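Architecture and fold: a report
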Amino acid sequence: MANKNGIIGLTIVIALISVYYLSFTFVSRNIKAKSVAYATDAKGEVDLSKKQRYIDSLWREDVYIGHTLQEVMERELNLGLDLQGGMHVVMEVAPADILKGMAGGNARSVAFQNALKKAGENKAVSNSTFINRFAAAYKEAAPNSSLASIFATSSNRGKISSSSSDSDVIKMLNTEVNGSIDRAFQITQARIDKFGVTNPNIQRLPGQNRILVELPGVDNPERVRRLLSGAAKLEFSEVYLTNELASGLDGLGKYLAKQEEIKKATGKPATTAAAATTDTTKKTDGGLAAQLAQKSADSTATDSSALAAQSAALTNLFVPMPQGLGVFLKDTARASEILRRPEVKSLFPADLVFMWDRKGTEGVNNQLILPLYFIKKQNGQAAMEGDVIVDATHDYDERGRPEVTMRMNGEGARKWRTLTARSVGRPVAIIIDNLVYTAPTVQGEIPNGNSSITGSFTVEETKDMSNVLKAGKLPAPTHIVEEAVVGSSLGAEAINDGLISSAVGLLIVLVFMVAYYSRAGWIADIALLINLFFLLGVMASLGAVLTLSGIAGIVLSIGMAVDANVLIYEGIKVELENGKPFAQAVRDGFKHSLTAIIDSNVTTLLTGIILYTFGTGLVLGFATTLVLGLLTSLFCAIFITRLFLEQQIKRGKVFNFYSGLTKNWFKDNDFDFVSQRRRFYIISAIIIAIGVGSFIFKGFGLGIDFKGGRSYVVRFQESVDADKLRSIMDEDLGSTTEVKTFGGQDQVKITTAYLIEETSTDADQKAEAKILAGVKKIPNNPAKIVSSNKVGPTMANDTLWSAVYAILLALAANFIYILIRFKRVAFSYGAVVSLGHDVIIILAIFSLFNGWLPWSLDIDQAFIGAILTMIGYSMNDTVVIYDRIRDYLADDKSRNQSLPTVINNALNSTLSRTAVTGISVILVLIVLMIFGGAVIRGFTFCMLLGVIVGTYSSLFVAAPIVVDLLQREKRKEPALTVAEPVAPVGGKKIKA
């Protein structure tokens, strides 16, 4: 084996990396378990706030080889929402709202309104941006008007004028729309940071005006909806300086010192106002708190020990900072609770509001400090709000430093002049969503509303700040177009289902390999276990998220990883049967199977990449593990298995690649696949015809991914009659409501289009209330919603087209790859026709049996993911067969045989590999069907059908089509009619 030492070294490196990154998961889980134990009382109840305080206390502390708890949790193998509960949201920034804001009063024109409507309708038939579609529609509605006549308003002065060309206006509008999406992303990010969720995921979806948000562990969806959907509130306020609040801070120090005294004396914190502010005129025998209060009142201000205690109490919680005070991140929850107390608020001016900075600063020992500002608001109102901002840009000052310039309208200029005149030498806070973004010091009165903000900013910071300042300019709120809520109880069940299905599936594959290959099977099993370890390690190192569908992907990738070992072992068996020595047979077996292994896995890999590119949610999680699993399984099969076999050869070991049971399996096969091909064509055609009839007359059960709507998984205490519940829901929600049993007789999935067109923040609450009111009409059977999902109409339309593109792209990619590898169009046509055949048959089954089987047969994004996976598996099978056909056609022994005979022999030679791999994958999928849970049962059923139909089509459709096409090509070749042998360039003669 060439480069043996290099392979061993690489294996050791990958193993060490895997151990390193997986260790973070174990450390994190251990600390989380300790936090639960710390927060659990004698009754076994967990105090969530106490648990969070434990986590916060270690957040910036070194807990593992120089890493803080924050870094440890960021590097652990994270669980998806379906495994731990939480909320998934996709928000959309509507370009139409932005255009209305930029057009001002001109937005009321009929041509403008018609153009907006048409731009939205043309989305399904055009891939151009909304702005370009609007521009084309406006040109049709008002051919004699320019875009500048609509958008050349005072608020857009300096960007375009009344004489600007349409192309200049379109460029400006696209820039503003992209800027609005960036602002929405930044505001959403700040809101999520404020929400206090561990390891949230927020990302702008590439090429779209949408933002993806995932919040693990969230159990209050309504709060999330309000937080994310509200328009950003931008404010400008004066800031109190620390020296102006000396008496209040002194009183706060006394208050905190008194709290500590009471805590020391009683062993418990003083949690009530009465304990802290007992009336000192009463007798001192009114309890310990009263005695301490009296003692404090009798002390004089000059008592140095008392002053020291007050100062220590204040600095134990608060850290002096230039703008005022700061608090260590781990103490912010406690500080906020104290500052909200009425007795503390009474120590400070009535117009003072405490506000946190949007981001922390590094303190001593890497402790993160969150600055606290003393904001001045009269009657809760800021001096100015952000709607006066006309424009804001990032620029450079005369010294080349990054700065932000902003321009205000007339009303804003007057207010700004007044505010800056009385704030010279003082900071003015720029606040968004009650978080201080920055607080620059005013250098002088600003009379005209044009200002610049300078400081030690980076270019990125000034870009972000200019975006935030423009947040109040345009009415561009975000709308939730997709939402999924998974209850923590459902997540715990999903973990259990996933672990069971993984363990059982892995065990079955391991046992099957030993049963079929005997001693060689043990080597394959060790390689499979190493593959699983490497896969988890790579996922952890890349920050991948493990989902329930991801577990399914792991189990399936293990099943498919068997294929590479099977190809190698079957190749070695052939070499041994040809009489080669064991060592030589192993080397030649690896050498001759390498092409088939690479070709078959590349086609599956292409499909996995397409899945990853187009998929979200369940499909994305599955694709991630499938792609990584293919890569690790290739490495383990080609190199790890080879290392173990080489080690056996070095020790002089010789063994067979079969067991006593399987010794004669698939030996001397002589099945006639090709001569009966027309019979199988007819069988397939009949099934397809029945399917097309079902498509026309029955249709499909479309999931909400493709038609939009809301779905709720409702669990009852006892079994429930789905038909009875459906009639109740039809009365409350409309006749389009679907009610199906989901994972058990006590659980149903309710799907409805109720209020799906509404974008108001309370629409979700109203819909949920309707569902709960309906299920309460089932007597003596309490129920609760354990998960919910919402997909808006625009999102459904995009998902549908993405699915179509994904399938077409998968077919095209596989067609091109096979054409490149096999250099005959016949092979590409055969593969693509067989794939189309597989897709249509599975669609036919889903249409015919929808409503008859006890699990969902809806056509949704999960179904598309399963279809694409099936395409990958079918191509894997087909390519292995094609590879053997190519070898047989090139073999001198086949020159005197007919084309059907050659291909028939090739099919028989691959039958053992086809059967072993197919059985392995089918066994795994059956395990997933039984133990994987209701969420992925329809997904798994589709893949199970795909493996069966794909294996059938590889043998009875793809290969026979190659026979027919190659024979047709041969008949079209011109006959060679020369009388004498023809001598080619090389000098050798061939017969005519």
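A short tour of the structure in this document, coming up. (Residues numbered from 1 in each chain as written. Predicted model: local features only at pLDDT ≥ 70, side-chain atom pairs only at ≥ 80, totals over all residues. Heavy atoms only, no water.)

1. Digging into the overall build of the chain
The condition that has to hold: Strands are runs of DSSP state E lasting at least two residues, helices are runs of H or I lasting at least four, and both sets are numbered from the N terminus onward. Three labels apply to residues, based on accessible area from a 1.4 Å probe with only protein chains included: buried if under 20% of the type maximum, exposed if over 50%, partly exposed otherwise in between. Residue-level accessible areas treat just the shown protein chains as cover; the underlying method is Shrake-Rupley with a 1.4 Å probe.
From N to C terminus, the chain includes 33 helices and 24 strands. Here the chain, with 992 residues, has 51% of them falling under the buried criterion. Looking at the chain as shown, the accessible area adds up to about 45500 Å², and 57% of this sits on carbon and sulfur atoms.

2. Description of helix α5 (residues 95-103)
All of the buried residues in α5 are Pro 95, Asp 97, Ile 98, Leu 99, Met 102 and Ala 103. Positive phi appears at Gly 104, one or two residues downstream of α5, with a value of about 60 degrees.

3. A closer look at the layout of surface pockets
Put simply, the test is: The pocket and cavity definitions rest on a 1 Å grid over protein atoms only: a 1.4 Å probe that fits but cannot leave marks a cavity, an open set with protein on both sides within 12 Å along at least five of seven lines marks a pocket, and residues lining either have an atom within 4 Å of a point. Grid points are joined across faces, edges and corners, and a volume is the space filled by probe spheres set on the points. Lys, Arg, Asp and Glu make up the charged group, whereas Ala, Val, Leu, Ile, Met, Phe, Trp, Tyr, Cys and Pro make up the nonpolar group; the residues left over, Gly among them, are polar.
Roughly 1300 Å³ of volume is contained in the second largest pocket. Taken together, 41 residues make up the lining of the second largest pocket; nearest its centre are Glu 570, Val 574, Arg 884, Tyr 888 and Ser 909. Broken down by secondary-structure element, the contributors of at least two residues to the lining of the second largest pocket are α21 (548-577), α22 (582-614), α30 (861-890), α31 (899-909) and α32 (911-931). In terms of residue count, α21 provides more of the lining of the second largest pocket than any other element does, 8 residues in total. Classifying every residue of the lining of the second largest pocket by side-chain character gives 10 nonpolar, 15 polar and 16 charged.

4. Things to note about the pairing of strand β10 (residues 352-356)
Definition in use: Pairs of strands are assigned from DSSP output, requiring at least two bridges between the strands.
Across the 5 residues that make up β10, a large majority, 4, are buried. Pairing analysis gives 5 bridges linking β10 to strand β12 (residues 368-376), with the strands arranged antiparallel. Bridge pairing links Trp 356 to Leu 372 in β12.

5. Considering the sheet that holds strand β18 (residues 450-453)
What counts is decided by this rule: The convention used is that axes are lines fitted to C-alpha atoms, helices contributing only their stretch in contact, and that angles between N-to-C directions extend from 0 to 180 degrees.
Read from one edge to the other, the open sheet built from 3 strands follows the order β14-β15-β18, with strand pairing classed as antiparallel. In this open sheet, the two edge strands, each paired with only one partner strand, are β14 (389-396) and β18. When strand polarity is set aside, the average angle formed by the axes of neighbouring strands in this sheet is 20 degrees. The pairing of β14 with strand β15 (residues 402-408) spans 7 bridges and is antiparallel. Bridge pairing in β15 links Ala 392 to Met 406.

6. A closer look at the packing of α30 against α31
Defined as follows: Relative orientations are named as follows: roughly parallel for angles under 35 degrees, roughly antiparallel for angles over 145 degrees, roughly perpendicular for angles from 65 to 115 degrees, and oblique for any other angle. Left-handed describes a crossing whose near helix is turned anticlockwise from the far helix through less than a right angle; right-handed describes the clockwise counterpart. Note on contacts: a residue pair is in contact if any heavy atoms of the two residues lie within 4.5 Å.
Across the interface, α30 lies against α31 with an axial gap of 9 Å and an inter-helix angle of 130 degrees. One element, α30, and the other, α31, form an angle in the oblique class. The handedness of the crossing between α30 and α31 is right-handed. Facing Ile 881, Arg 884, Ile 885, Tyr 888 and Leu 889 of α30, the residues of α31 in contact are Leu 899, Val 902, Ile 903, Asn 905, Ala 906, Leu 907 and Ser 909.

7. Digging into the pairing of strand β9 (residues 324-328)
The element β9 is extensively covered by neighbouring structure, given that 5 of its 5 residues are classed as buried. Looking at chain direction, strand β8 (residues 319-321) and β9 are connected through 3 bridges and run antiparallel. Paired with Pro 320 across the bridge in β9 is Leu 325. With 4 bridges connecting them, β9 and β12 associate as antiparallel partners. In the strand pairing of β12, Leu 325 is matched with Leu 372.

8. Let's talk about a nonpolar patch on the surface
Cut-off, in case you're wondering: Here a patch means residues that are over 30% exposed by relative accessible area and free of salt bridges, tied together within 9 Å if like-charged and within 5 Å if nonpolar (Val, Leu, Ile, Met, Phe, Trp, Tyr). One side-chain nitrogen of Lys or Arg within 4 Å of one carboxyl oxygen of Asp or Glu is enough to make a salt bridge.
Together, Ile 682, Ile 686, Ile 690, Leu 848, Phe 849 and Trp 852 make up an exposed nonpolar region whose accessible area comes to about 640 Å². A total of 3 residues in the nonpolar patch trace back to one element, the largest contributor, which is helix α24 (residues 677-697). Within the secondary structure, Trp 852 sits in the loop between α29 (825-848) and α30.

9. A word on the side chain of Thr 940
For Thr 940, the position within the fold is in helix α33 (residues 937-972). For Thr 940, the contacting residues outside a window of four places in its chain are Leu 925, Leu 928 and Met 929.

10. Re the sheet that holds strand β23 (residues 747-752)
What the 8 strands build is an open sheet, ordered β5-β6-β4-β19-β24-β21-β23-β22; its pairing is antiparallel. Edge positions in the open sheet fall to β5 (201-204) and β22 (738-741), since each of these has one partner strand only. Adjacent strand axes in the sheet meet at a mean angle of 20 degrees when their direction is disregarded. With 5 bridges joining them, strand β19 (residues 478-486) and strand β24 (residues 783-791) adopt antiparallel strand pairing. Paired with Glu 482 across the bridge in β24 is Val 791. Running over the sheet, helix α26 (residues 722-733) touches β21 (709-716), β22 and β23 and is turned about 160 degrees from β22.

11. Quick word on the side chain of Ser 874
To keep things clear, this is the line we draw: Contacts described as polar in this section are N or O atom pairs within 3.5 Å, which, within protein, must combine one atom able to donate a hydrogen with one able to accept it, while residues neighboring in sequence count only if both atoms come from side chains.
Structurally, Ser 874 can be placed in helix α30. Of the polar contacts made by the side chain of Ser 874, one reaches the side chain of Asp 838; its length is 3.0 Å. Excluding residues within four positions of it along the chain, Ser 874 makes contact with Leu 835, Asp 838, Gly 950, Ser 953 and Ser 954.

12. So, helix α27 (residues 763-775)
Convention followed: Any helix carries an expected span of 1.5 Å times its number of residues minus one. The arc in question is formed by the directions pointing from the helix axis toward the C-beta atoms.
In this model, α27 (13 residues) spans 19 Å end to end at C-alpha, consistent with the 18 Å of a helix rising 1.5 Å per residue. If you check which residues of α27 are buried, you get Ala 763, Asp 764, Ala 767, Ile 771, Gly 774 and Val 775. Projected down its long axis, α27 shows its buried positions confined to an angular sector of 105 degrees, all on one face.

13. Concerning unusual backbone geometry
Glycine aside, negative phi is the norm for most residues, and most peptide bonds take the trans geometry. The backbone of Ile 65 sits at a positive phi, close to 40 degrees, despite the residue not being glycine. Structurally, Ile 65 is set in the loop between β1 (62-64) and β2 (67-68). In this model, Asn 379 sits at a positive phi of 55 degrees, which is unusual for a non-glycine residue. Mapping Asn 379 onto the fold places it in the loop between β12 and β13 (384-385).

14. Description of the packing of α5 against helix α7 (residues 130-141)
Relative orientation of the contacting elements α5 and α7 amounts to 60 degrees, with a least axis distance of 10 Å. Between α5 and α7, the angle is such that the two are oblique. Here α5 and α7 pass one another in a crossing that is right-handed. Across from Pro 95, Ala 96 and Leu 99 in α5, the residues of α7 making contact are Phe 130, Ile 131 and Phe 134. Looking at the contact of α5 with α7 residue by residue, the class counts come to 6 nonpolar, no polar and no charged.

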